[in-house]
Amino acid sequence: MAAIESVLQEKRVFPPSEAFAKQANIKGMDAYLALCKEAEQDYEGFWARHAREQLTWHKPFTQVLDESNAPFYRWFADGMLNASYNCLDRHLSTQPDKTAIIFEADDGKVTRVSYRELYRRVCQFANGLKSLKIRKGDRVVIYMPMSIEAIVAMQACARIGATHSVVFGGFSSKSLHERITDAGACAVITADEQMRGGRAIPLKPAVDEALGMGGCESVKTVVVYKRTGANVAWHAARDIWWHDLVNGQADTCEPEWVEAEHPLFLLYTSGSTGKPKGVQHSTGGYLLQAILTMRWVFDYKPSDIFWCTADVGWVTGHTYIAYGPLAVGATEIVFEGVPTYPDAGRFWKMIQDHKVTVFYTAPTAIRSLIKAGADLPKKYDLSSLRILGTVGEPINPEAWMWYYETVGNKRCPIVDTWWQTETGGHMITPLPGATPLKPGSCTFPLPGIMADIVDETGQSVEKGKGGFLVIKRPWPSMIRTIWGDPERFKKSYYPSDFGGKYYLAGDGANRDMDGYFWIVGRIDDVLNVSGHRLGTMEIESALVANPLVAEAAVVGRPHEVKGEAVVAFVVLKGPRPSGEEAQKVANQLREWVGKEIGPIAKPDEIRFGDNLPKTRSGKIMRRLLRSIARGEEITQDVSTLENPAILEQLKQPVQ
Ligand code: 6R9
């Protein structure tokens with residue numbers, strides 16, 4: 001709580017410079033407030049106007065918001081369009097030779113593709129997918145390294161109306177298997193290997209393993225992009241090389257016109273149960289928010305060089321790499337590697353080399369780069385920068401100040417963008433030419449986004465108070481459902497305890513006396529480790545799947561760089577290990593979780609006990625475990641504990 005209070009006392013305010021505000025797409029707070037007012041006075045009219053202005057429709061919509069089957073809202077439902085057409089074709093007459101993507105490989109090799117060339121590649125690959133009998137509505141899993149091809153694959157799916165589901169390349173074969181089967185995918189697009197920090201990491205073998213686990217009969221084809229040329233096992237009846245698939249394909253492909261509500265993609269994310277949720281997004285509403293936020297939040301100008309450092313395996317990589325920048329016709333960077341290779345100056349060097357103007361990254365990356373060399377940015381020419389952005393977790397004011405002063409040279413507004421996989425695009429964020437910034441606050445909701453903070457009864461809290469973050473009206477880019485589980489969608493986001501009226505974000509938030517929003521963090525059993533969402537239940541399920549483990553409970557603990565660290569309390573089937581034995585088992589279990597879910601989920605610490613602290617009704621006392629993990633004094637009532645001695649055991653780190 002101390003941290004929260006110190007943040008709420010943050011007094012520093014950084015208004016945009018006059019010069020910046022003058023050139024911005026939204027010039028000053030009055031312009032922002034005017035848009036908010038427009039949305040309040042005529043909500044549907046506001047969104048309809050933007051949808052008409054920003055998207056190219058094949059068949060214009062006549063309906064705006066359909067609430068007849070709430071909370072399964074529909075937007076622009078009788079309109080038809082194509083996302084890939086909106087990202088590519090519409091730039092062909094105006095700027096065919098403009099660079100769409102500057103790709104920098106792990107080893108520093110740079111490749112550029114123009115809009116015309118990207119269009120050609122997407123069409124060829126789309127024709128290839130069609131030749132595999134992939135059709136509108138089919139699900140295609142993409143398990144690719146950061147590459148031009150990953151974006152081509154996503155855009156090609158969109159072009160033919162197939163629904164893609166990108167799985168982060170750092171996920172294990174087991175996680176991949178879970179997503180392939182849940183989505184009922186008909187094809188998987190992958191690469192032989194990916195390169196990260198000078199190391200080759202296999203991808204195709206993980207696909208083979210996943211498909212070998214059974215239940216994947218729906219998958220007829222695996223398309224393999226040759227990235228490194230490594231030897232890979234081959235299933236001739238199922239596998240096809242990317243280059244063979246596109247060879248001889250026509251380089252134009254009529255887009256499949258789809259209804260605005262057609263699912264553009266599924267993206268799996270962690271929730272409070274062990275099973276990840278397939279968040280389903282629409283085509284029209286989703287793309288609208290991607291475009292609007294490129295213009296409003298990133299103040300897009302045709303001369304920009306835009307760089308979002310996310311991986312396409314996360315929603316940030318969808319909205320601000322694969323769709324948003326292309327839809328507005330930007331030049332963007334796609335980076336294969338990691339921020340610390342060959343050294344911690346990589347980001348700064350790339351900003352210098354490519355004259356990046358808008359740079360968007362995660363607080364965890366900023367904190368790790370501060371640690372790796374707080375003065376490093378000064379060695380590079382970062383004068384091209386005009387806007388900095390952050391996403392994924394709250395940014396601590398110290399890291400914010402460093403980013404502002406050392407990277408942005410006190411010239412660049414920082415947009416701290418709060419949003420989620422489920423929201424499709426930014427929701428609460430500063431506008432760089434309008435909002436006076438406070439370090440650590442995501443400031444105010446975007447025009448048309450009716451965000452609020454409420455108490456348990458759904459009543460708005462006063463300024464200066466905290467509560468649950470909700471969105472009171474449906475918005476175009478919102479999640480449509482959880483793939484295959486509409487009941488879970490309702491329960492997770494429109495729970496009846498809040499009257500089922502508001503979208504419940506799952507975050508706690510405070511509002512200060514000036515009305516600024518401050519995100520506190522998740523209110524559910526979801527951890528945020530280096531900006532990645534991880535369900536504690538997912539990690540617990542992985543642990544108990546190990547033959548040695550009887551029971552496990554996972555909690556988060558604040559971590560200087562990663563935001564949160566994973567701490568697991570484990571009861572073995574055999575006796576509680578100590579000394580070297582405990583060390584050995586802990587390492588074994590860490591590796592196990594890495595294999596079950598992916599390296600990002602490996603517990604930072606594992607402790608062993610003869611039991612876990614439980615209430616009389618058998619519920620694990622997680623709050624207590626959180627205190628233990630943080631090394632805090634235990635203030636909770638432990639009188640109901642069966643065996644208080646286990647607390648002493650759990651306080652002991654493995655030596
Ligand atoms: C885009 C993305 C969503 C969760 C969200 C919240 C946290 C994201 C934030 C932030 C504070 C910000 N979060 N942005 N917290 N300030 N600017 O990250 O999506 O992976 O679904 O995570 O991340 O807790 O609920 P996703």
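Residues numbered from 1 in each chain as written. Predicted model: local features only at pLDDT ≥ 70, side-chain atom pairs only at ≥ 80, totals over all residues. Heavy atoms only, no water.

J.: Lay out the overall build of the protein with the relevant residues and their values.
T.: In terms of regular secondary structure, the protein is built from 20 helices and 30 strands. Here the C-alpha radius of gyration of the protein, 24 Å, is about what a compact globule of 655 residues would show, namely 26 Å. Projected onto its principal axes, the C-alpha positions of the protein cover 75 × 65 × 60 Å. For the protein, buried positions account for 61% of its 655 residues. In the protein, once contacts between residues fewer than 6 apart in sequence are set aside, the share between residues at least 24 apart is 71%. (Helix = DSSP H or I, 4+ residues; strand = E, 2+ residues; numbered from the N terminus. Rg over C-alpha atoms; globule rule 2.2 N^0.38 Å. Buried < 20%, exposed > 50% of the residue type's maximum accessible area, 1.4 Å probe, protein only. Contact = heavy atoms within 4.5 Å.)

J.: Describe the domain arrangement of the protein, naming the residues involved and giving the relevant values.
T.: In terms of domain boundaries, the protein breaks down into domain 1 (18-448) and domain 2 (530-650). The straight-line distance from the C-alpha centre of domain 1 to that of domain 2 is 34 Å. Between domain 1 and domain 2 lies a buried interface of about 1600 Å² when both sides are counted; carbon and sulfur atoms form 48% of it. Counting the contacts that link domain 1 with domain 2 gives three salt bridges. Here Arg533 and Glu422 are joined by a salt bridge, their closest N and O atoms 3.0 Å apart. Counting across the interface, domain 1 meets domain 2 through 13 residue pairs in polar contact (both at pLDDT 80 or more). When residues of the side of domain 1 that touches domain 2 are traced back to their parent elements, those giving at least two are helix H8 (173-183) and helix H14 (363-373). Here the side of domain 1 that touches domain 2 gets four residues from one element, more than from any other, and that element is H14. (Domains from an automatic or database assignment. Buried area = accessible area lost by both parts, 1.4 Å probe. Salt bridge = Lys/Arg side-chain N within 4 Å of Asp/Glu carboxyl O. Polar contact = N/O pair within 3.5 Å; in protein donor to acceptor, adjacent residues only side chain to side chain.)

J.: Explain the sheet that holds strand E22 (residues 466-471) residue by residue, including any values.
T.: Sheet strands pair by backbone hydrogen bonding; their relative direction is either parallel or antiparallel. Taken together, the four strands give an open sheet; going across it, the order is E21-E22-E24-E25, and neighbouring strands pair in antiparallel fashion. The sheet terminates laterally at strand E21 (451-454) and strand E25 (517-522), the two strands that pair on one side only. Averaged over all neighbouring strand pairs, the angle between strand axes comes to 45°, with direction disregarded. Inspection of the sheet shows E21 paired to E22 by four bridges, in the antiparallel sense. Its bridge partner being in E22, Asp452 is matched across the sheet by Val470. (Pairing = 2+ DSSP bridges. Axes fitted to C-alpha atoms, helices over the stretch in contact; angles between N-to-C directions.)

J.: Account for the packing of aromatic side chains, naming residues and giving values.
T.: Applying the stated criterion across every chain yields a total of 43 aromatic pairs. With a centroid separation of 5.5 Å and an interplanar angle of 85°, the aromatic rings of Phe298 and Tyr320 are classed as edge-to-face. Placement of Phe298 in the loop between helix H11 (284-296) and strand E16 (305-308) and of Tyr320 in helix H12 (residues 315-327) is noted, with a sequence separation of 22 residues between them. Residues Phe298 and Tyr320 agree in their burial class; the two are buried. Relative to Tyr503, the ring of Tyr493 has its centre 5.5 Å away and its plane inclined at 10°; by these criteria the two rings are stacked. You can see Tyr493 sitting in helix H16 (residues 486-493) and its partner Tyr503 sitting in strand E24 (residues 503-511), a full 10 residues away along the chain. The same class applies to Tyr493 and to Tyr503, which are both buried. Joined through ring pairs, the aromatic side chains of Tyr43, Phe46, Trp47, Trp57, Phe61, Trp75, Phe76 and Trp296 make up one cluster. Geometry around Phe171 places Arg179 over its ring, the cationic atom sitting 4.4 Å from the centre. (Phe/Tyr/Trp six-rings, centres within 6.5 Å; stacked < 30°, edge-to-face > 60°. Lys NZ or Arg CZ within 6 Å of the ring centre and 35° of its normal.)

J.: Before we move on, can you summarise the UniProt feature "modified residue: N6-acetyllysine" (unreviewed entry) in the protein with the specific residues and values?
T.: Per the UniProt record, "modified residue: N6-acetyllysine" (unreviewed entry) is annotated on Lys619. Within the fold, Lys619 resides in the loop between strand E30 (605-608) and helix H19 (622-630). What makes Lys619 exposed here is its relative accessible area of 57%. If we skip the residues at most four places from it in the chain, Lys619 touches Pro613 and Lys614. (UniProt positions renumbered as here; feature names shortened; annotations may be inferred.)

J.: Please give an account of the sheet that holds strand E7 (residues 163-166) that cites residues and values.
T.: Ordered in space as E12-E11-E8-E6-E7-E14-E15-E23, the eight strands form an open sheet in which the pairing is mixed. Looking at strand neighbours, the two that pair on one side only are strand E12 (239-241) and strand E23 (481-482), the edges of this open sheet. In the sheet, strand E14 (residues 265-269) pairs with strand E15 (residues 277-281) via five bridges, with the strands oriented antiparallel. Counterpart to Tyr268 in the pairing with E15 is Gly278. Against the sheet, helix H7 (residues 148-160) engages strand E6 (139-143), E7, strand E8 (187-191) and strand E11 (221-225), with an angle of about 170° to E6.

J.: Can you lay out the pattern of salt bridges for me, pointing to particular residues and giving the numbers?
T.: Evaluation of the coordinates by the stated rule reveals 43 salt bridges. The salt bridge partner of Glu393 is Arg367, with a shortest N-O separation of 2.9 Å. Placement of Glu393 in the loop between strand E19 (387-391) and helix H15 (397-407) and of Arg367 in helix H14 is noted, with a sequence separation of 26 residues between them. Because the salt bridges share partners, they merge into one network encompassing Glu117, Arg120, Arg121, Glu149 and Asp251.

J.: Would you mind going over the site of the ligand in detail, with residue names and values included?
T.: Close to the ligand lie 17 residues; Asp416, Thr421, Asp507, Arg522 and Arg533 are nearest. In this structure, an oxygen atom belonging to the ligand sits 2.6 Å away from a side-chain N or O atom of Asp507. Arg533 has a polar side-chain atom sitting 2.7 Å from an oxygen atom of the ligand. Computed on the free molecule, the ligand has an accessible area of 530 Å², of which 96% lies beneath the protein chains in the complex. Within the residue set of the shell around the ligand, elements represented by two or more residues are H12, strand E20 (414-417) and E25. Within the shell around the ligand, the residues separate by chemical class into six nonpolar, six polar and five charged. (Near = heavy atom within 4 Å. Areas by Shrake-Rupley, 256 points an atom, 1.4 Å probe, with all protein chains shown as cover. Nonpolar A, V, L, I, M, F, W, Y, C, P; charged D, E, K, R; others polar.)

J.: Tell me about empty space enclosed by the protein, and please be specific about residues and values.
T.: Leftover empty space is mapped by rolling, across the atoms, a probe with the size of a water molecule. All told, the structure shown has one cavity of 30 Å³ or more when counted by the stated rule. Estimated volume of the largest cavity: approximately 40 Å³. If you trace the largest cavity, you find it lined by Ser165, Val166, Val167, Phe168, Phe171, Arg179, Leu267, Tyr268 and Gly313. For the lining of the largest cavity, a count of residues per class yields six nonpolar, two polar and one charged. (1 Å grid on protein atoms, 1.4 Å probe; cavity = no way out; pocket = protein on both sides within 12 Å on 5 of 7 lines; lining within 4 Å. Points joined across faces, edges and corners; volume = space filled by probe spheres on them.)

J.: Go over the packing of H14 against H15 with me, naming the residues and quoting the values.
T.: Pairs of packed helices are described in terms of their axes, by the angle between the two and the distance that separates them. For the pair H14 and H15, interaxial distance at closest approach is 10 Å and the crossing angle is 75°. As summarised for this structure, H14 and H15 are arranged roughly perpendicular, according to the angle between their axes. Along its contact with H14, which presents Ile366, Arg367 and Ile370, the element H15 presents Ala399, Trp402 and Tyr403. By residue class, the composition of the contact of H14 with H15 is five nonpolar, no polar and one charged. (Parallel < 35°, antiparallel > 145°, perpendicular 65-115°, else oblique.)

J.: Give me the pairing of E22: which residues, what numbers.
T.: Each regular strand carries side chains that alternate between the two faces of the sheet. With five bridges joining them, E22 and E24 adopt antiparallel strand pairing. Counterpart to Gly466 in the pairing with E24 is Asn510.

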